Amino acid sequence: MKVAAILLLCMALFHQGHSNSCQGRCGYGIDTSYSCQCNTACERYNDCCSDYYTLCKEAALSCNGRCGESYNSQNPCHCNSLCSQYNNCCSDYSTLCNAVAGPTSCNGRCDESYNAQNPCHCNSKCSQYNNCCSDYSDYCSTGDSGATITDAEIKSLSETLFALDTNKASASELILDPQALVADSQTSSKSDLSSRPLYKFVDENALFTRPTYAALLNLFDNYKRITGQAESFTSQQLTEQETFLKETMLNTELGRELFAFLYTKGVYKSEAEFIEDLKNMWFGLYSRYNGAMDSSGFEHIFAGEIKGGKVSGFHNWIRFYLLEKRGELNYYSHSFNGPWSNYPDVLGLQFHWDGYYKQVGSAVIGCSPEFDLALYSLCYIARPGKYCYLSLGGKQLIIQTYTWDNSSYGNGKKYIASAYPVSM
């Protein structure tokens with residue numbers, strides 16, 4: 001009996017000492033003996049431990065140390081031989097687990113001698129020959145400039161940009177009505193589970209009269225949403241593009257902070273070079289369908305497109321609000337609500353846009369146009385085609401970017417294909 005009592009006492013002390021941590025508890029079921037939880041349900045019920053995102057969620061998004069593991073339905077992505085068949089592999093599965101053709105990661109291979117047997121390379125010339133491994137920028141160099149930008153610097157800068165977003169919506173200027181929350185497995189059901197609009201109130205007089213908002217609004221009617229229809233711009237519309245970049249990146253403290261960081265890292269030598277590169281990166285046209293110059297990074301991400309009978313891109317909250325207000329967009333549900341209690345927040349949304357469905361359209365809600373543009377630009381420059389780990393108010397946000405690899409501008413630079421908040 002004494003031994004049993006001692007064991008119970010030890011267990012109680014262990015629980016007391018670890019009640020606020022997910023150490024060793026990731027993915028476990030609900031345990032009311034703990035003051036906070038460490039499974040996916042805790043996000044819905046807002047009772048996650050403070051280190052849940054670091055110890056559980058971030059780790060669950062990677063195959064690091066998980067190759068060949070047994071299937072676990074609690075994991076948002078998987079690392080076994082069947083994940084390719086079911087299209088639910090983690091993004092780094094092929095790099096870390098499926099390297100049968102040779103090393104596909106630059107981990108420990110930076111500046112190695114060229115070996116023609118390797119499927120990808122990790123030396124200073126791989127960018128020139130376009131044969132770098134996908135994680136070359138993570139381990140060896142970042143960005144097209146070759147500047148080294150660390151994860152810690154990205155997180156620090158994102159916190160600074162978060163603090164400088166003085167044009168974001170306040171709680172009195174933007175009121176949401178999220179209604180139905182659905183599981184990830186339900187996002188393809190196309191079921192309208194919310195009878196009311198998502199946006200209950202937006203103070204247009206307070207927000208849309210500000211220069212950066214006004215500049216963004218001027219751009220939305222410049223595009224044909226169906227891919228395969230070539231875009232062309234008048235001189236006035238080209239001026240509107242330049243005005244948007246200058247208002248957001250040169251005329252706000254937030255934009256100037258982003259430029260100052262990239263300038264100190266040697267990415268850009270002047271404001272003029274910075275703006276010109278963003279203009280090409282965001283507004284340069286390329287073809288998504290049938291050879292027509294029908295798309296750009298801005299159109300895809302901020303305005304949204306229709307491709308293959310589905311909504312493609314569309315990751316801007318202001319665009320969503322305007323279309324919903326006009327009756328052209330029907331909000332169905334949301335599958336993700338970020339941990340932020342004020343704006344900006346992040347939602348993963350299901351909706352119909354004038355007859356076309358979007359299964360998950362994630363967006364940063366309530367932020368200013370300059371904040372949206374700055375975060376996506378930072379992540380695309382520093383982590384092109386990769387996960388980009390940010391910190392906003394002490395909470396992690398992951399941005400996924402994609403490069404457009406079929407055409408380029410300047411000295412082989414790649415247009416931005418897509419960028420959005422990861423909502424898992």
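Residues numbered from 1 in each chain as written. Predicted model: local features only at pLDDT ≥ 70, side-chain atom pairs only at ≥ 80, totals over all residues. Heavy atoms only, no water.

A.B. asks: Got a minute to help me understand the state of the cysteines in this structure?
C.D. replies: Linking two cysteines covalently through their sulfur atoms gives a disulfide. Summed over the entire model, instances satisfying the criterion amount to four disulfides. The disulfide partner of C36 is C49, and the S-S distance across this bridge is 2.0 Å. Here C36 and C49 share a disulfide; its torsion about the S-S bond, 90°, makes the bridge right-handed. Of the two residues, C36 sits in the loop between helix 1 (2-18) and helix 2 (41-45) while C49 sits in the loop between helix 2 and helix 3 (52-60), which places them 13 residues apart along the sequence. Given the relative accessible area of 3%, C49 is considered buried. The residue that forms a disulfide with C120 is C133, at a sulfur-sulfur distance of 1.9 Å. Disulfide C120 to C133: torsion about the S-S bond roughly 85°, handedness right-handed. (Disulfide = S-S within 2.5 Å. Helix = DSSP H or I, 4+ residues; strand = E, 2+ residues; numbered from the N terminus. Buried < 20%, exposed > 50% of the residue type's maximum accessible area, 1.4 Å probe, protein only.)

A.B. asks: Honestly, the pattern of salt bridges in this entry has me stumped. Any pointers?
C.D. replies: Should their charged atoms come close, side chains of opposite charge can pair. Evaluation of the coordinates by the stated rule reveals eleven salt bridges. Here R383 ties to D151 by a salt bridge, and the two come within 2.7 Å at their closest N and O atoms. In this pair, R383 is assigned in the loop between helix 16 (369-382) and strand 8 (387-392) and D151 in helix 8 (residues 151-164), connecting sequence segments 232 residues apart. A residue is classified by how much of its surface remains accessible, and D151, at 39% relative accessible area, is partly exposed. Its salt-bridge partner being K414, residue D405 comes within 3.2 Å of it at the nearest N-O pair. A residue is classified by how much of its surface remains accessible, and K414, at 27% relative accessible area, is partly exposed. (Salt bridge = Lys/Arg side-chain N within 4 Å of Asp/Glu carboxyl O.)

A.B. asks: Is there a simple way to explain helix 8 in this structure?
C.D. replies: A turn of α-helix holds 3.6 residues, and therefore any two residues three or four places apart point the same way. Its 14 residues place the ends of helix 8 20 Å apart at the C-alpha level, agreeing with the 20 Å of an ideal helix rising 1.5 Å per residue. Looking at helix 8, one finds that the buried residues are I154, L157, S158, L161, F162 and L164. The arc that holds every buried residue of helix 8, seen down its axis, measures 160°, which confines them to one face. The exposed set on the far side of helix 8, more than 90 degrees from its buried face, consists of A152 and A163. For helix 8, the elements touching its buried residues are helix 12 (253-264), helix 16 and strand 8. (Expected span 1.5 Å × (residues − 1). Arc of directions from axis to C-beta. Contact = heavy atoms within 4.5 Å.)

A.B. asks: Sorry if this is basic, but what is going on with the sheet that holds strand 9 (residues 395-409) here?
C.D. replies: For sheets, the rule is that strands pair by backbone hydrogen bonds, running either parallel or antiparallel. Here we have three strands laid out as an open sheet, ordered 8-9-10, and antiparallel in their pairing. With one partner strand each, in any of the chains shown, strand 8 and strand 10 (413-421) form the two edges of the open sheet. When strand polarity is set aside, the average angle formed by the axes of neighbouring strands in this sheet is 35°. Note: strand 8 against strand 9, six bridges, orientation antiparallel. Each bridged residue has a counterpart across the sheet, and for C388 the counterpart in strand 9 is I399. (Pairing = 2+ DSSP bridges. Axes fitted to C-alpha atoms, helices over the stretch in contact; angles between N-to-C directions.)

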